[in-house]
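What follows is each chain in one-letter form.
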Amino acid sequence: MRLPALMQTAAKPGSAGLAVACAVIAMLLAAGGIAAAQSRQADTISTAGRYDPQLHFRTISTQRFDIYFHQGEDALAARVAGFVEEVAATVDQRFGRPHGRIHVVLVDQSDQSNGWATVFPYNLIELAAVPPPSRSLLGNTDDWLRLVFSHEYTHIVHLEKSRGWIGGLGRVFGRIPFRYPNAFLPEWQIEGIATYQESAVTGQGRVPAGDFHLLIDSAAAAGRFLSIDRASGGLVDWPSGNAVYAYGAYFHDFLAERYGAASLARLADETARSLPYFGARAFRRVFGRPLGVLWKEFEAQQVSRATAGAAASDAVRLTRHGFVVAAPAVGREGRLYYGTANPHEFPALMTLARGAAPRRLATWYHGQRIAVSGGELVFDQLEVVRDAGLQSDLYALSIDGGAARRLTREARAAEPDVAPDGTIVCTVQEPGRRLLATLTMPAAGKTATPRPLVAEESTEFSTPRWSPDGRTIAAERRQLGGPSEIVLIDPSTRLVRTLVGGRGRHAEPAWLPDGSAILFSSDRHGRFALYAVDVATGVVRQLLGTGDAAQSPALSPDGRVTFVGYTAGGYDLFEMPLAAARWSEEAAAPVTRTVAPLRASPPALDARPYRPWPTLTPRYWVPLVETRQDQLLLGALTSGNDALGRHAYLATGAWALPRDQAEWSLDYAYARWRPTLLASASRTSDDWRAGTVRSLELSGGVLLPVRRVRWSSIAFAGLHAARDQYACAGCAPPVAAVESRRDVRLAWQASNAHAFGYSISAEEGGTVTVTSEVSQRAAHAGQLAGAATADARHYWRAFPRHAVIAARLAGATTWGDAGLRRVFEASGPGPEHAGFDFGTSAIALLRGFRAADVFGQHAAVLNVDYRFPLAWPQRGVGTLPLMLRSVHGAFFADAGHAWDAAFRAAEVRRSFGAELSADTVVGYALPLTMTAGAAVRDDPSGRRRGWAAFARLSRAF
């Protein structure tokens, strides 16, 4: 489960230095293999470990679950252990019981609410402990952990189903991925059943939430209801990543309403008998109607309901950004400040003056609140902490823009507001609760630590707001299992008084200028609307004419209210004057309750230290058949990783025929600490002349990644040793020799390149990569050779929107003993990836020439592209696992040369041409770029002239 990833950064640096196996290990460390096929979360694949090294995990067990938790989570873990069996029994009664134990990781390292699940190589769930704010699409719950567990456990039950002959594969091969057909269903089917069940189990969640239903209601009313191919996964258009959850959940709700809830279990059983990617046929068997017809009937139902329920609006629309617009605040002279997040650019902090166009002030990564304090803006945003979690801190920025300065560091502080005297109130996240705290604005270059003001166990405070006189704070409070409330806090006594309670989510209070009343948003009647509560009497009135939805009210001194409203294209800002507003009075009686700060001792747990070994044993094997020269290799592959992703391995073994020799390889990574430790060993044999060469290779190294939201870097250091045994009885003279060599490898890469949802390439920033290697033959201690490569690339935005000018300059050189020097290629069609490469093709990219056309001991290339979008179809065919996402072209100019002795400019090869590319989504989730091109070549040697065609997978660079 995740919120939409509206902004995608460029791929993080990887380690190609230890060959393909390390990439596989990195994936295993990230999420356990096919986790990405079900509950995807952004940025899961990493060369670092999954969890903060400072977290020390322990384990508690129930009848069927092992729960892993770290320091500070004792009470949370005890609560999870108290309901997992109950929730599991409810889901099992409907869908059947999964096999084996289920491993649950409870982690509090990120201030984003999330979760994921995988059934490969065993049943594993991760729960992020931090609950979402009630105003969010995930916020319709008074017990976040129960809700997210219900969702993720449904994934386990659904995806682990395996029936018929496919289920029989498990008796032979174990938990092989293709044993689980439900893991290869469209995303709307995988996420839809889990989202439907989260609400069926808890009575809360997204299905009954009016703001979530609005995602498809508005689309239906506007004639933008998604076809089944666009809802299957990979959509960039709004509602982007939320599409699979919304359309999937309500389609399953439609099926349950028409055919009964038990039909969903029958459907899950039938798709579990199908070949991967062919589950659509199960709908006819279960419902007697093909999937396409059912989807059309579902659409007709939603269009009818949405048209009947549309609300009128008296508000004026101020912005047309769409996607996500949030946190409006009003400054001097009525100037607006707010945040945006969309697939066009990095999330931004924006300003809007009356009568002018919106202007970008700064980047702003998924903050929740902007407060205006004199000539500064105080806001929160997320940053990567210890390369593992995303946590919130406070920042300040001039109202005219510029560089932001940090106010707190690793404080997990959010949602700031500033009193007239300059005191900042904010929330601070702790395990099991979100408290209110205050701090004084620190001096330039300094940071401050928030001081706790009000903290209650199992209670979340949100959106605190100072009264105009600075004597009272209004905030939302939600206690575990209790209602959402608007409360008033007296900072001098720390007493809390409930002002608004009852049914629904009550959030985002905003004081009227005279302090007599508070505006807030609430979904007490279904969808979010704006209400006002009188501070003295507690009488509540609804503001009418705000349209289908209204949240995040902000008041201007001249009596206008600005709020976030919803359209079929996402969220935007709207405005209306309060003087002419229409109100519907509810005459709610005031509720008064005083709660003193409370701290309860966590219950005692029968916990034991975490041990990785029970989850490290191999759970599957895959047969391998390979032909190599005149050999036939028959063998097997297996891999594994422990529940916390600290250890991962990949092992292969094969028997070579007719040579009758064993080959094997073993790769291992340890990611408990920073850096990540890597090791590999292999034994292979190949034909050599009329004989054979047997090679034994050993490698070891360390990876040190550093990740931040706006940039990343990675350093690598490794040792490599090889022993080659040559045997050729038929040679003249016969050969029987052994040669050993040793290599020391170093590499570093830094990148601030960014790509976004609609990007056809990285659009801004750049990447620098350098590698070096020193080699020595064991038999010749005095003979050394070295090699080095450098690669720099940069991206500039161009016309039209999302067009890019991309440039790359790369070089490679070698030195030392002639028998040990490397040879580098300069030519070939690419792709030229951004990772580490110590091999012959480390820098090669000269389109129109073959890979081996230009090579030497020194090489250099220059590449310049103008890339431009042509179309964004974002369409597929039914539920086939292929979406055509975009079509784009490029004009390019390449120059390259390789030489041994002296560089001669007259020998430089050049090519000019064009490319046509298609960005696709394969298997509902895997992005794949296919490119065809043609080049006219300028070859001073005369060997390669005229036109040449080429093709590749992926972009050039």
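Predicted model only: the values in this text are computed from it and were never measured. (Residues numbered from 1 in each chain as written. Predicted model: local features only at pLDDT ≥ 70, side-chain atom pairs only at ≥ 80, totals over all residues. Heavy atoms only, no water.)

Check the secondary structure of the protein and you find 10 helices and 51 strands. Computed over the C-alpha atoms, the radius of gyration of the protein is 30 Å, within 12% of the 30 Å expected from 2.2 N^0.38 for a compact globule of 957 residues. Once the C-alpha set of the protein is aligned to its principal axes, its extents read approximately 105 × 60 × 55 Å. Residues classed as buried in the protein amount to 58% of the 957 residues present. For the protein, contacts bridging at least 24 residues in sequence account for 59% of all contacts bridging at least 6. By element, 57% of the accessible surface of the protein is carried by carbon and sulfur atoms, the whole surface being about 36,600 Å². Between the centroid of the 100 positive side chains of the protein and the centroid of its 89 negative side chains there is a distance of 2 Å. (Helix = DSSP H or I, 4+ residues; strand = E, 2+ residues; numbered from the N terminus. Rg over C-alpha atoms; globule rule 2.2 N^0.38 Å. Buried < 20%, exposed > 50% of the residue type's maximum accessible area, 1.4 Å probe, protein only. Contact = heavy atoms within 4.5 Å. Areas by Shrake-Rupley, 256 points an atom, 1.4 Å probe, with all protein chains shown as cover. Lys, Arg positive; Asp, Glu negative; His and termini not counted. Charge placed at Lys NZ, Arg CZ, Asp CG, Glu CD.)

What follows covers the sheet that holds strand E8 (residues 336-342). Pairing is antiparallel across the open sheet formed by 4 strands, whose spatial order is E7-E8-E9-E10. Each edge of the open sheet is held by one strand with a lone partner, namely strand E7 (324-330) and strand E10 (359-363). The mean angle between the axes of side-by-side strands here comes to 25°, regardless of whether they run parallel or antiparallel. Here strand E9 (residues 345-352) runs beside E10; their pairing, made up of 4 bridges, is antiparallel. By the bridge assignment for E10, Ala-348 is matched with Thr-363. (Pairing = 2+ DSSP bridges. Axes fitted to C-alpha atoms, helices over the stretch in contact; angles between N-to-C directions.)

Moving on: the state of the cysteines. Scanning the model with the defined rule gives 1 disulfide in all. Covalently, Cys-728 is tied to Cys-731 through a disulfide, its sulfur atoms 1.7 Å apart. Its S-S torsion of about 85° marks the bond between Cys-728 and Cys-731 as right-handed, since a negative value means left-handed. Relative accessible area serves as the criterion here: at 1%, Cys-728 is assigned to the buried category. (Disulfide = S-S within 2.5 Å.)

Each regular strand shows side chains that alternate between the opposite faces of the sheet. With burial as the criterion, each face of strand E4 (residues 115-118) is covered, one bearing Gly-115 and Ala-117 and the other bearing Trp-116 and Thr-118. In the sheet, E4 pairs with strand E5 (residues 124-128) via 4 bridges, with the strands oriented antiparallel. Bridge pairing in E5 places Trp-116 opposite Glu-126. In this antiparallel pair of consecutive strands, E4 and E5, the connection spans 5 residues.

Here we come to the confidence of the model for the protein. For the protein, the mean per-residue pLDDT works out to 90, and 92% of the residues sit at or above 70. Note that residues 2-46 has pLDDT below 50 and, in this model, 129 contacts with residues that lie over four places away or in other chains. Counting contacts from residues 592-602, a segment whose pLDDT is below 50, to residues more than four positions away or on other chains yields 24 contacts. (pLDDT = per-residue confidence, 0-100.)

Soluble globular proteins tend to pack their nonpolar side chains together in the buried interior. In terms of nonpolar packing, the biggest core is built from 95 residues, with Phe-149, Tyr-247 and Phe-251 touching the most fellow members. Among the elements that make up this core, the one with the highest residue count is helix H7 (residues 243-259) (11 residues). Ignoring sequence-local partners within four residues, the contact set of Phe-149 consists of Phe-65, Phe-83, Val-84, Val-87, Ala-88, Val-104, Ile-125 and Leu-127. (Core = buried A, V, L, I, M, F, W, Y, C linked by side-chain atoms within 4.5 Å.)

Let's shift gears to the packing of aromatic side chains. Remark: the centre distance and the inter-plane angle together describe each pair of aromatic rings, the angle taken between the planes. Within the structure shown, the criterion is met by 42 aromatic pairs. Taking the centre distance of 6.1 Å and the plane angle of 20° together, the rings of Phe-251 and Phe-254 count as stacked. With Phe-251 and Phe-254 both in helix H7 and 3 residues apart, the pair spans about one turn of that helix. Side by side, Phe-251 and Phe-254 carry an identical accessibility label, which is buried. Its guanidinium or amino end placed over the ring of Phe-212, Arg-206 lies 5.8 Å from that ring's centre, counting from NZ or CZ. Sitting above the plane of the Trp-583 ring, Arg-541 keeps its charged end 4.4 Å from the centroid. (Phe/Tyr/Trp six-rings, centres within 6.5 Å; stacked < 30°, edge-to-face > 60°. Lys NZ or Arg CZ within 6 Å of the ring centre and 35° of its normal.)

The mixed open sheet is built from 6 strands, whose spatial order is E4-E5-E3-E2-E1-E32. Strand pairing shows two members of the sheet lacking a second neighbour, E4 and strand E32 (608-609), which therefore form its edges. Pairing of strand E3 (residues 102-107) with E5, which is carried by 5 bridges, proceeds in the parallel orientation. When the bridges of E5 are listed, Val-107 appears paired with Ala-128. Contacts between helix H2 (residues 74-95) and the sheet are confined to strand E1 (57-61), strand E2 (65-70) and E3, with E2 contributing the most and set at about 160° to the helix. Sheet strands in contact with helix H3 (residues 144-159) are E2, E3, E4 and E5, and its direction is about 155° off that of E5.

Along the polypeptide, Ala-220 turns up in helix H6 (residues 210-221). Linking Ala-220 and Gly-839, residues 619 residues apart in sequence, is a C-alpha distance of 54 Å. Every residue in contact with Ala-220, bar those within four places of it in the chain, is listed here: Phe-225, Gln-302, Val-303 and Ala-306.

Once that is clear, we can look at the pairing of strand E15 (residues 413-418). Most of E15 is tucked away: 6 of the 6 residues are buried. Alignment of E15 against strand E16 (residues 423-430), held across 4 bridges, turns out to be antiparallel. Note on E16: the bridge partner recorded for Ala-414 is Thr-427. Adjacent in sequence and paired antiparallel, E15 and E16 are bridged by 4 residues, among which Gly-422 carries a positive phi angle near 95°.

With that settled, the discussion passes to the packing of H2 against helix H5 (residues 187-202). Interaxial distance between H2 and H5 falls to 11 Å at its minimum, and their mutual angle equals 120°. Viewed along their axes, H2 and H5 adopt a mutual orientation that is oblique. Along this stretch, H2 crosses H5, giving a crossing that reads as right-handed. Where H2 approaches H5, its residues Val-87, Thr-90, Val-91, Arg-94 and Phe-95 are matched on the opposing element by Ile-193, Gln-197, Ala-200 and Val-201. Classifying every residue of the contact of H2 with H5 by side-chain character gives 6 nonpolar, 2 polar and 1 charged. (Parallel < 35°, antiparallel > 145°, perpendicular 65-115°, else oblique. Left-handed = near helix turned anticlockwise from the far one by under 90°. Nonpolar A, V, L, I, M, F, W, Y, C, P; charged D, E, K, R; others polar.)

Residues Val-625, Leu-632, Leu-634, Trp-655 and Leu-657 make up a contiguous nonpolar surface patch of about 440 Å² in total accessible area. Structurally, Val-625 can be placed in strand E33 (residues 622-628). (Patch = residues over 30% accessible without salt bridge, like charges linked within 9 Å, V, L, I, M, F, W, Y side chains within 5 Å. Salt bridge = Lys/Arg side-chain N within 4 Å of Asp/Glu carboxyl O.)

Turning our attention to the pattern of salt bridges. Going through the model one piece at a time under the given rule, you end up with 64 salt bridges. Across the salt bridge formed by Asp-894 and Arg-847, the nearest N and O atoms sit 2.7 Å from each other. One end of the pair, Asp-894, is in strand E48 (residues 882-899); the other, Arg-847, is in the loop between strand E44 (824-825) and strand E45 (855-856), and 47 residues separate them in sequence. You'll find Asp-894 and Arg-847 in the same group, each marked buried.

Time to look at the packing of H6 against H7. With their axes 9 Å apart at the nearest point, H6 and H7 run at an angle of 90° to one another. Here H7 runs roughly perpendicular to H6, going by the angle between their axes. On H7, the residues that touch Phe-212, His-213, Leu-215, Ile-216 and Ala-219 of H6 are Tyr-245, Ala-246, Tyr-247 and Tyr-250. Tallied by class, residues from the contact of H6 with H7 come to 8 nonpolar, 1 polar and no charged.

What follows covers the side chain of Asp-791. Among the structural elements, Asp-791 can be located in strand E42 (residues 784-798). One polar contact links Asp-791 to Arg-793, side chain to side chain, over a distance of 2.7 Å. Ignoring anything within four residues of it in the chain, the contact list for Asp-791 reads Thr-767, Val-768, Thr-769, Arg-808, Leu-809, Ala-810 and Glu-832. (Polar contact = N/O pair within 3.5 Å; in protein donor to acceptor, adjacent residues only side chain to side chain.)

Owing to its 3.6 residues per turn, the α-helix aligns residues three or four sequence positions apart on the same side. For helix H4 (residues 164-173), the complete set of buried residues consists of Ile-166, Gly-167, Gly-168, Gly-170 and Phe-173. Structurally, H4 contributes buried residues whose contacts are with E33.

Attention shifts here to the environment of Arg-94. With respect to the element layout, Arg-94 can be found in helix H2. Taking the C-alpha atoms as reference, Arg-94 lies 9.9 Å from Val-157; in sequence the two are 63 residues apart. Discounting chain neighbours no more than four positions away, the residues touching Arg-94 are Gln-197, Ala-200, Val-201 and Ala-265.

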